[in-house]
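Report on the structure
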Amino acid sequence: SKTPVGFVGLGNMGNPMAKNLLKHGYPVVAFDVFPEACKDFQDSGAQIMDSPADVAEKADRIITMLPSSANAIEVYTGSNGILKKVKKGSLLIDSSTIDPAVSKELAKAVEKMGAVFMDAPVSGGVGAARSGNLTFMVGGVEQEFDAAKELLSCMGANVVYCGAVGTGQAAKICNNMLLAISMIGTSETMNLGIRLGLDPKLLAKILNMSSGRCWSSDTYNPVPGVMEGVPSANNYQGGFGTTLMAKDLGLAQDSATNTKSPTPLGSLAHQIYRVMCAKGYAQKDFSSVFQFLREDEN
Ligand code: NAD
């Protein structure tokens with residue numbers, strides 16, 4: 001029978017991901033600081049522990065799925081963190097989207113304890129987490145990739161090796177910076193066309209057969225009424241929150257500063273999403289930037 005897998009962070013993404021491990025026959029030992037998150041997960045047959053350290057005592061393969069860099073630092077290196085009780089040779093996989101520089105720091109601390117760290121952030125959202133169709137972007141020592149893939153392929157359709165530790169995060173934040181830029185671009189373009197008298201559905205159709213086409217225009221159009229089954233059709237509920245997008249754009253800006261890379265549009269996108277968070281859009285899907293741009297409508 002399979003040995004237990006640890007899971008820390010049972011939120012919107014972590015809960016369905018860990019459930020897919022259970023479905024594939026892995027016993028799961030888990031922890032979350034939020035008691036409600038533990039309760040729901042316990043009901044599905046997992047064992048709940050009192051701390052990340054206790055998870056590390058029970059499992060020598062652990063996946064973490066936390067909001068931000070600060071939470072990841074706490075869970076790995078805190079006073080009740082994984083590293084307090086990690087066993088030599090353990091495989092620790094962080095699937096949170098965090099600063100690649102922090103991933104590298106965590107990898108060093110983990111290595112000191114004789115264990116292995118990999119960053120494996122995901123793309124795909126809650127729906128893909130439920131259906132086991134996430135894409136994992138994996139950074140770390142290549143010889144360990146197969147061991148990571150064994151677990152990650154229970155939760156994802158694509159598991160891609162990116163290079164040294166931190167490169168999974170690099171791929172993820174590059175993707176999300178481009179996504180934010182293209183979503184803002186699609187939104188302001190659609191708004192301009194509407195004000196020029198074009199029907200939004202027709203404009204979207206023309207863009208999608210022309211060179212302006214992108215994922216934000218053809219799969220996740222931000223204009224209500226253009227597509228069904230997307231957050232714009234549901235008052236921008238569900239999907240990928242504006243707060244999380246603002247966080248990822250902040251990570252992209254930190255990385256741009258560290259590497260002296262010019263990212264003028266990424267910088268502007270970061271500012272736009274931060275202002276949206278302050279103006280009541282924090283809980284809405286990030287495609288609500290279309291609604292935000294139309295606030296001045298009169
Ligand atoms: P979430 O806020 O729903 O869940 C995070 C969980 O971590 C919460 O249950 C929280 O209680 C727990 N947590 C926080 N600090 C903790 C600690 N110190 N110890 C134990 N548990 C702790 O977030 P989410 O939507 O599941 O996202 C997780 C990560 O995945 C984020 O980095 C996010 O950017 C990324 N991501 C999210 C999506 C999405 O669509 N939601 C898509 C791709 C990537």
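Residues numbered from 1 in each chain as written. Predicted model: local features only at pLDDT ≥ 70, side-chain atom pairs only at ≥ 80, totals over all residues. Heavy atoms only, no water.

A few points about the domain arrangement of the protein chain
For clarity, the threshold we go by: What fixes the domain bounds is an automatic or database domain assignment. Any two residues whose heavy atoms approach within 4.5 Å at even a single point are treated as in contact. Computed with a 1.4 Å rolling probe, the buried area is the accessible surface lost when two parts are put together, summed over both parts. For this document, the term salt bridge refers to a Lys or Arg side-chain nitrogen within 4 Å of an Asp or Glu carboxyl oxygen. For this analysis, a polar contact is any N or O atom pair within 3.5 Å, provided that within protein one partner can donate a hydrogen and the other can accept it, and provided that sequence-adjacent residues contribute only side-chain to side-chain pairs.
Domains assigned within the protein chain are domain 1 (5-164) and domain 2 (170-293). Look at where the C-alpha atoms of domain 1 and domain 2 centre, and you get two points 29 Å apart. Residue-level contacts link 12 residues of domain 1 with nine residues of domain 2. Together domain 1 and domain 2 conceal approximately 800 Å² of surface at their shared face, both sides included; 65% is due to carbon and sulfur atoms. In this assembly, domain 1 and domain 2 are joined by zero salt bridges. Where domain 1 meets domain 2, there are three residue pairs in polar contact (both at pLDDT 80 or more).

A few points about helix α9 (residues 200-208)
What counts is decided by this rule: Burial classes follow relative accessibility: with a 1.4 Å probe on protein chains only, a residue under 20% of its type's maximum area counts as buried, one over 50% as exposed, and anything between as partly exposed. Secondary structure elements are taken from DSSP: a helix is a run of H or I of four residues or more, a strand is a run of E of two residues or more, and numbering for both begins at the N terminus. It is the directions from the helix axis to the C-beta atoms that the arc portrays.
Among all positions of α9, only Leu203, Ala204 and Leu207 are buried. Within α9, the buried residues cover an arc of 100° as seen down the axis, which keeps them to one side. In this structure, α9 carries Lys201 and Lys205 as exposed residues pointing more than 90 degrees from its buried face. Taken together, the buried residues of α9 touch α8 (167-195).

Concerning the pairing of strand β1 (residues 5-8)
What counts is decided by this rule: Think of it like this: strands point away, you trace from the first strand over the helix to the second, and a clockwise trace means the crossover is right-handed. Two strands pair if DSSP finds at least two bridges between them.
Because side chains alternate across β1, one face comprises the buried residues Val5 and Phe7, and the other comprises Gly6 and Val8, equally buried. Between the parallel pair β1 and strand β2 (residues 28-31), the chain is carried across by helix α1 (residues 14-23), and the sense of this crossover is right-handed. Here β1 pairs with strand β4 (residues 61-64) via three bridges, running parallel. Residue pairing in the sheet places Val8 in a bridge with Thr64 of β4.

Points about the environment of Leu244
With respect to the element layout, Leu244 can be found in helix α11 (residues 242-258). Residue classification places Leu244 among the partly exposed residues on the basis of a relative accessible area of 40%. Separated by 39 residues in sequence, Leu244 and Gln283 place their C-alpha atoms 9.4 Å apart.

Some thoughts on α11
Put simply, the rule reads: In this analysis, the expected span of each helix is defined as 1.5 Å times one less than the number of residues it contains.
The terminal C-alpha atoms of α11 lie 24 Å apart, and with 17 residues this matches the ideal 24 Å at 1.5 Å per residue to within 8%. On its buried face, α11 is in contact with α4 (69-77), α5 (100-112), α8 and α12 (264-281). Lys260 lies just past α11 and shows a positive phi near 55°.

Description of the site of the ligand
We apply this condition: Note on definitions. A residue lies near a molecule or strand when any single heavy atom of the residue is within 4 Å of it. The protein chains shown are the only cover counted for residues, whose accessible areas, like all others here, come from Shrake-Rupley with a 1.4 Å probe. All amino acids are sorted into three groups, where Ala, Val, Leu, Ile, Met, Phe, Trp, Tyr, Cys and Pro are nonpolar, Asp, Glu, Lys and Arg are charged, and the leftover types, Gly among them, are polar.
Around the ligand sit 24 residues, and of these Asn12, Met13, Asp32, Pro67 and Lys247 come closest. In the model, an oxygen atom of the ligand is placed 2.9 Å from a nitrogen or oxygen of the Asn12 main chain. In this structure, a nitrogen atom belonging to the ligand sits 3.3 Å away from a main-chain N or O atom of Val33. In isolation the ligand exposes 830 Å². Once the protein is present, 87% of that is buried. Of all the secondary-structure elements, those providing two or more residues to the shell around the ligand are α4 and α11. Top contributing element to the shell around the ligand by residue count: α4, with three residues. Considering only residue class, the shell around the ligand consists of 13 nonpolar, seven polar and four charged.

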